[in-house]
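Below, each chain spelled out in residue letters.
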Amino acid sequence: MAEVYGEKPKKFTKEWWPYYWMYYKWQTIGVIFTIVAILVTVYQCKNREKFDLTVTYGASATIDQSTVDKLEVVFSSMAEDSDGDGHPNVYFQQLNFANIPGTEETDQALQTKLDMGMTEDDSMLYIFDGNELAIMAQRKNSGEIYMNVHDWLDDEEFERLSEEEGKIIFNQEEIPIAVSIADSTIMKEHNINAKNMYVLVRMNYKDEEFPKSAQRSAIKIAKELLK
């Protein structure tokens, strides 16, 4: 690159800054986006309202806020009172990936936010579109992040869905981690096109009641989404 620009200027001199910006502008913007996403996510995690369960929706299609509010009510009626405050409440977190040229930095920032959210005890249920699911399924550790569908779905239902092409999705290690909710009654009742949506339940490695309860709620709602 220095040959195109000319002789590479000495770092941090007046001549060096235009050189740096010409060749490293987009990399710099991407790093800034990622750092901001991390800082915002850390701040939100520390200061956000506590929920009994967080359902994370990662997809390109946006769900309008009024529908999100209704889904939260429906899901809350199915959830356990994990924190014991007498009011089961579910948060529907919507992360919309554009997945088009020119939005790579923004999408990466959202991906970072999604990944960091997995450290929260209440973040146990995920709904992804096909593109986001493909990203997750390609990760070598996805079988350690998401529950094996065998472990939360009864054998008869698993076998039934296995007979339908595209209903159960496997990762690179051939572990079933997601199930299609294309025919979900709940989604249809809320006028959501779920033909390219899949549900996943996160693994829990903590021997504490709160994450155990949140995971039980996630499993119950995941099963309801399959009806």
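Above this text you will find the structure in question.
Description of the structure in this document. Being a predicted model, the structure only gives us computed values, none of them experimental.

## Section: the packing of aromatic side chains
So, step 1. What the rule picks out here adds up to five aromatic pairs.
So, step 2. An angle of 20° between the planes, with centres 4.9 Å apart, marks the rings of phenylalanine 51 and tyrosine 91 as stacked. Taken together, the residues span a long stretch of sequence, with phenylalanine 51 in the loop between α2 (16–47) and β1 (53–59) and tyrosine 91 in strand β2 (residues 90–96) at a distance of 40 residues.
So, step 3. Taken together through their ring pairs, the aromatic side chains of Tyr126, Phe128 and Tyr146 make up a single cluster.

## Focus on a negative patch on the surface
So, step 1. On the surface, Asp154, Asp155, Glu156, Glu159 and Glu163 cluster together into a negatively charged patch.
So, step 2. Turning to its location among the elements, aspartate 154 is positioned in the loop between α7 (149–152) and α8 (155–162).
So, step 3. On the basis of relative accessible area, aspartate 154 is assigned to the partly exposed category, the value being 43%.

## Quick word on helix α5 (residues 130–137)
So, step 1. Every buried residue of α5 is listed here: Glu132, Leu133, Met136 and Ala137. One side of α5 carries all its buried residues, which in axial view fall inside an arc of 135°.

## Side note on the pattern of salt bridges
So, step 1. All told, the structure shown has nine salt bridges when counted by the stated rule.
So, step 2. The partner of lysine 206 in a salt bridge is aspartate 121, and the shortest N-O contact between them spans 2.7 Å. Of this pair, lysine 206 sits in the loop between β6 (197–201) and α10 (209–225) while aspartate 121 sits in the loop between α4 (104–117) and β3 (123–129), and the two are 85 residues apart along the sequence.
So, step 3. Between glutamate 164 and arginine 160 there is a salt bridge; the shortest N-O distance is 3.2 Å.
So, step 4. Members of the salt-bridge network, linked through shared partners, are Glu80, Glu209 and Arg216.

Conventions adopted
Residues numbered from 1 in each chain as written. Predicted model: local features only at pLDDT ≥ 70, side-chain atom pairs only at ≥ 80, totals over all residues. Heavy atoms only, no water. Phe/Tyr/Trp six-rings, centres within 6.5 Å; stacked < 30°, edge-to-face > 60°. Helix = DSSP H or I, 4+ residues; strand = E, 2+ residues; numbered from the N terminus. Patch = residues over 30% accessible without salt bridge, like charges linked within 9 Å, V, L, I, M, F, W, Y side chains within 5 Å. Areas by Shrake-Rupley, 256 points an atom, 1.4 Å probe, with all protein chains shown as cover. Salt bridge = Lys/Arg side-chain N within 4 Å of Asp/Glu carboxyl O. Lys, Arg positive; Asp, Glu negative; His and termini not counted. Charge placed at Lys NZ, Arg CZ, Asp CG, Glu CD. Buried < 20%, exposed > 50% of the residue type's maximum accessible area, 1.4 Å probe, protein only. Arc of directions from axis to C-beta.

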